Amino acid sequence: MSSSLKTAQDAIVATLTGLLDVPVLAHGGRFVERELPMLLAKAPCVLIAPLSVTSWTPSSPGEWSALVTWGAYCLGADGGGNRAEQAMELAEQVLDQLVQQQWGLTDAASDEPEPGSPRADNLYTGHVNNLRVALWATSWTQTLIRTIPDP
């Protein structure tokens, strides 16, 4: 069975929902700082988004594989403790789950995360702090395998 970006995103959300103590939600992708006020009502949370598809390679007739870079935006907010610590701990918890993780997908649909690809970035800025939210972005690269649907 192959996978799609949406199927893989849903699998990541479902897996992390069972492991983290905050809402885990699908998100459309990267966002800029001025969009943060719209996300404040959801914090604390983790937002999962596909960020890029690279190394697209036909692997057999009607099938391709590609490296997908995934992002997990970890938002901490006042109320449950220190927002900076909360966002940082969420980023660490996401990183902890990346060891040999296929999100419930089969070997025919996904590989484990690429060794050395996981990273976490503290996106703290003065403006983000003024919004009373802290933000870390965790990312990793993972192979996705997809069978091209018949027309």
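Structure report, in brief. Since the model is a prediction, treat every value here as computed from it, not as a measurement. (Residues numbered from 1 in each chain as written. Predicted model: local features only at pLDDT ≥ 70, side-chain atom pairs only at ≥ 80, totals over all residues. Heavy atoms only, no water.)

### Regarding unusual backbone geometry
- Following alanine 43, the chain continues to proline 44 via a peptide bond in cis, the omega torsion being 0°.
- For serine 55, which is not glycine, the phi torsion reads 55° and is therefore positive.
- Structurally, the position occupied by serine 55 is in strand β2 (residues 45-60).
- Since its relative accessible area comes to 47%, serine 55 is described here as partly exposed. (Helix = DSSP H or I, 4+ residues; strand = E, 2+ residues; numbered from the N terminus. Buried < 20%, exposed > 50% of the residue type's maximum accessible area, 1.4 Å probe, protein only.)

### Details of the packing of aromatic side chains
- On inspection of all chains with the given rule, the structure shows three aromatic pairs.
- Aromatic pair phenylalanine 31 and tyrosine 73: ring centres 4.8 Å apart, planes at 55°, arrangement tilted. Of this pair, phenylalanine 31 sits in the loop between β1 (24-26) and α2 (36-39) while tyrosine 73 is found in strand β3 (residues 63-77), placing the two residues 42 residues apart along the sequence. With respect to burial, phenylalanine 31 and tyrosine 73 carry one shared label: buried.
- A centroid spacing of 6.1 Å and a plane angle of 40° characterise the contact between tryptophan 56 and tryptophan 64, whose relative ring orientation is tilted.
- For tryptophan 56, a relative accessible area of 49% translates into the label partly exposed. (Phe/Tyr/Trp six-rings, centres within 6.5 Å; stacked < 30°, edge-to-face > 60°.)

### A few points about the state of the cysteines
- Within this structure, the stated rule accounts for zero disulfides.
- Free of any disulfide, cysteine 45 has its nearest cysteine sulfur in cysteine 74, 8.8 Å distant.
- Given a relative accessible area of 0%, cysteine 74 falls into the buried group. (Disulfide = S-S within 2.5 Å.)

### Quick word on the pattern of salt bridges
- Applying the stated criterion across every chain, the model contains two salt bridges.
- When the shortest N-O distance is used, the salt bridge between lysine 6 and aspartate 10 registers 2.8 Å. On the criterion of helical spacing, the pair formed by lysine 6 and aspartate 10 is a turn pair, its members being four residues apart in helix α1 (residues 5-17).
- Accessibility expressed as a relative area gives 48% for lysine 6, which makes it partly exposed.
- Arginine 119 is the partner of aspartate 121 in a salt bridge, and the nearest nitrogen-oxygen pair spans 2.6 Å.
- Looking at arginine 119, the relative accessible area reads 47%, which means it is partly exposed. (Salt bridge = Lys/Arg side-chain N within 4 Å of Asp/Glu carboxyl O.)

### Some points on the nonpolar core
- Judged by nonpolar contacts, the single largest core of 26 residues is most densely connected at Val46, Ile48 and Trp140.
- Only α1, β2, β3, α3 (83-96) and β6 (133-147) provide two or more residues apiece to this core.
- It is α1 that contributes the most residues to this core, five residues altogether.
- Core analysis: the second largest hydrophobic core is formed by 14 residues, Ala43, Cys45, Leu51 and Leu75 among them. (Core = buried A, V, L, I, M, F, W, Y, C linked by side-chain atoms within 4.5 Å.)

### What about the environment of arginine 30?
- Among the structural elements, arginine 30 can be located in the loop between β1 and α2.
- Filtering out sequence-adjacent residues up to four positions away, arginine 30 remains in contact with Leu51 and Tyr73.
- Here the side chain of arginine 30 touches leucine 51 through a polar contact of 3.2 Å, landing on its backbone oxygen. (Contact = heavy atoms within 4.5 Å. Polar contact = N/O pair within 3.5 Å; in protein donor to acceptor, adjacent residues only side chain to side chain.)

### Notes on α3
- Taking 1.5 Å of rise per residue, the 14 residues of α3 would be expected to cover 20 Å, and the 20 Å separating its terminal C-alpha atoms lies within 8% of that figure.
- The complete set of buried residues in α3 reads Arg83, Gln86, Ala87, Leu90, Ala91 and Val94. The buried side chains of α3 occupy one side of the element, clustering within an arc of 135° when seen end-on.
- Of the residues flanking the start of α3, the one acting as N-cap is asparagine 82, its side-chain oxygen 2.8 Å from the backbone nitrogen of alanine 84. (Expected span 1.5 Å × (residues − 1). Arc of directions from axis to C-beta.)

So, to be careful, I would describe these as geometric facts and stop short of saying anything about function.
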